[in-house]
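# Reading the structure
Each chain, written out:
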Amino acid sequence: MGLRREPTARQTRLATELRRLRDAAGLKAREAAELLGVSSVQISQIESGLSGLSEERLRRLASHYMCTDDELVSALVAMATDRTRGWWEAYRWLLPKPFLDLAELEHHATSLREVQFLYIPGPFQTEDYARAVFSYRVPELPHEELELRVRHRMQRKTTLEGTPYEAVVHEAALRIMVGDRAASRAQLSHLLELSEAEHVTVRVIPFDLEGFAGAASAMTYAGGAVPKLDTVVRDGPHGASFIDSEAQLGAFRALFHKVEAVSLVPGRSRDFIHRLTKEL
């Protein structure tokens, strides 16, 4: 099997976890290669996501690394043997890689938590809202790419079909009219409709909340098969960053719970959104 041209985020995460296990065992790449009967170059390729490995080889490595976390090993095996070609693969080489990585992450997530202050969360957006967001980009996107991004965002809604999803949205994101008044009203109505689903929870942080200094805590927190495989996605000036170190994950879990604790309960949040919809 040839080397991968562009490893997916899931393949890269598997590679990262294998390297972490080796480091925790205090072994060098050369020593791991000897255990498998391969070259150091092949270990390097596996630990960079450029090459995969079989279940048998993965379990051998985990055993040599003295990893006793059976749930973690089983989760890594599932990642290594996964042959899913999701809907997002139709956009490969057409859209920037982070678009595909985020869709793949959401697809495999066991739960999703989101905190947003300026925009409605992506999977909650209507087509008109998403188009308005992408139309504002500088430099301006070619029409074909803009429509590709809108279509991709609409397909991300498949994550709302069963995955537990908790969203904390600031009043600013609800009030900013990204499009025209009609599109904004339709967006809030759509958000209300989605919030009625049993597995979807929407909470609002109102402007009049005192002592709130958490406006820098926007994030998407994706639950993995085990907590060690959780991932946080944060948007930055140069694109999305995927965060997966245990220390950072712990900090972001605490941050989410802190933001969630000061938000309105779901019932009051729906009433709040309904009232804003009436005002438009």
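Figured I'd write up the structure that's included with this text. (Residues numbered from 1 in each chain as written. Predicted model: local features only at pLDDT ≥ 70, side-chain atom pairs only at ≥ 80, totals over all residues. Heavy atoms only, no water.)

### Focus on the nonpolar core
Within soluble globular proteins, side chains that are nonpolar generally end up buried alongside one another. Core analysis: the largest hydrophobic core is formed by 27 residues, its most contacted members being Phe124, Tyr165, Leu174, Leu191 and Ile273. Examining the composition of this core, we find that four residues originate from one element, helix 10 (residues 181-195), more than from any other. Setting aside chain neighbours within four positions, we find Leu191 in contact with Ile120, Phe124, Leu174, Val202 and Ile273. If you look at the next biggest cluster of nonpolar residues, it comprises 24 residues, including Val38, Ile43, Leu72 and Val226. (Core = buried A, V, L, I, M, F, W, Y, C linked by side-chain atoms within 4.5 Å. Buried < 20%, exposed > 50% of the residue type's maximum accessible area, 1.4 Å probe, protein only. Helix = DSSP H or I, 4+ residues; strand = E, 2+ residues; numbered from the N terminus. Contact = heavy atoms within 4.5 Å.)

### As for the pattern of salt bridges
The final tally for this structure, using the stated rule, is 24 salt bridges. With a closest N to O distance of 3.8 Å, Arg203 and Glu260 form a salt bridge. In this pair, Arg203 is assigned in strand 3 (residues 200-205) and Glu260 in helix 11 (residues 246-262), connecting sequence segments 57 residues apart. In this structure Glu260 comes out as buried when scored by relative accessible area, which is 17%. (Salt bridge = Lys/Arg side-chain N within 4 Å of Asp/Glu carboxyl O.)

### Section: a nonpolar patch on the surface
A contiguous nonpolar surface patch, about 290 Å² in accessible area, is contributed by Leu118, Tyr119 and Ile176. The residue Ile176 is located in the loop between helix 9 (171-175) and helix 10 in this model. (Patch = residues over 30% accessible without salt bridge, like charges linked within 9 Å, V, L, I, M, F, W, Y side chains within 5 Å. Areas by Shrake-Rupley, 256 points an atom, 1.4 Å probe, with all protein chains shown as cover.)

### Details of the packing of helix 7 (residues 127-135) against helix 8 (residues 143-155)
Interhelical geometry of helix 7 versus helix 8 gives an angle of 140° and a closest axis separation of 9 Å. By the angle class used here, helix 7 and helix 8 are oblique. The crossing of helix 7 and helix 8 is right-handed. Only Leu146, Glu147, Arg149, Val150, Arg153 and Met154 of helix 8 make contact with helix 7, whose side of the interface consists of Glu127, Ala130, Arg131, Val133, Phe134 and Ser135. Residues that form the contact of helix 7 with helix 8 fall into these classes: six nonpolar, one polar and five charged. (Axes fitted to C-alpha atoms, helices over the stretch in contact; angles between N-to-C directions. Parallel < 35°, antiparallel > 145°, perpendicular 65-115°, else oblique. Left-handed = near helix turned anticlockwise from the far one by under 90°. Nonpolar A, V, L, I, M, F, W, Y, C, P; charged D, E, K, R; others polar.)

### Here we look at helix 5 (residues 70-81)
For helix 5, which comprises 12 residues, the first-to-last C-alpha distance of 16 Å matches the rise-based estimate of 16 Å (1.5 Å per residue) to within 8%. Within helix 5, the full set of buried residues consists of Leu72, Val73, Ala75, Leu76, Val77, Met79 and Ala80. Buried residues along helix 5 sit in contact with helix 1 (9-25) and helix 4 (55-64). (Expected span 1.5 Å × (residues − 1).)

### Notes on the packing of aromatic side chains
Enumeration over the complete set of coordinates arrives at five aromatic pairs. Considering the side-chain rings of Trp87 and Tyr91, the 6.1 Å spacing of their centres and the 90° angle between planes classify their relative orientation as edge-to-face. An angle of 45° between the planes, with centres 5.0 Å apart, marks the rings of Phe124 and Tyr165 as tilted. Of this pair, Phe124 sits in the loop between strand 1 (111-116) and helix 7 while Tyr165 is found in strand 2 (residues 165-170), placing the two residues 41 residues apart along the sequence. Taken as a pair, Phe124 and Tyr165 share a single burial class, namely buried. Within the aromatic cluster, the residues linked to one another by ring pairs are Trp87, Trp88 and Tyr91. Positioned above the aromatic ring of Tyr221, the side-chain terminus of Arg113 is 5.6 Å from the ring centre. (Phe/Tyr/Trp six-rings, centres within 6.5 Å; stacked < 30°, edge-to-face > 60°. Lys NZ or Arg CZ within 6 Å of the ring centre and 35° of its normal.)

### Some words on the packing of helix 10 against helix 12 (residues 266-279)
Viewed as axis vectors pointing N to C, helix 10 and helix 12 meet at an angle of 160°, and their least axial separation amounts to 9 Å. Put simply, helix 10 runs roughly antiparallel to helix 12. In the crossing of helix 10 with helix 12, the sense of the turn from one axis to the other is left-handed. Two secondary-structure elements touch here, helix 10 through Arg185, Leu188, Ser189, Leu191, Leu192 and Ser195 and helix 12 through Arg270, Ile273, His274, Leu276 and Thr277. Here the contact of helix 10 with helix 12 is composed, by residue class, of five nonpolar, four polar and two charged.

### Some points on the sheet that holds strand 2
On the basis of which strands lie adjacent, the open sheet formed by six strands has the order 3-2-1-4-5-6 and mixed pairing. Lying at the two open borders of the sheet, with one neighbouring strand each, are strand 3 and strand 6 (239-243). Going across the sheet, the axis of each strand differs from the next one's by a mean of 15°, ignoring polarity. As paired elements, strand 1 and strand 2 share five bridges and run parallel to each other. Each bridged residue has a counterpart across the sheet, and for Leu112 the counterpart in strand 2 is Tyr165. (Pairing = 2+ DSSP bridges.)

### Section: unusual backbone geometry
Phi is mostly negative for residues that are not glycine, and the peptide bonds are mostly trans. Between Val138 and the following residue, Pro139, the backbone shows a cis peptide bond with an omega angle of -5°. Examined against the element boundaries, Pro139 turns out to sit in the loop between helix 7 and helix 8. Here Met66, not a glycine, exhibits a phi torsion of approximately 60°, which is positive. Its place among the elements puts Met66 in the loop between helix 4 and helix 5. Its identity as a non-glycine residue notwithstanding, Trp93 has a phi of 75°, on the positive side.

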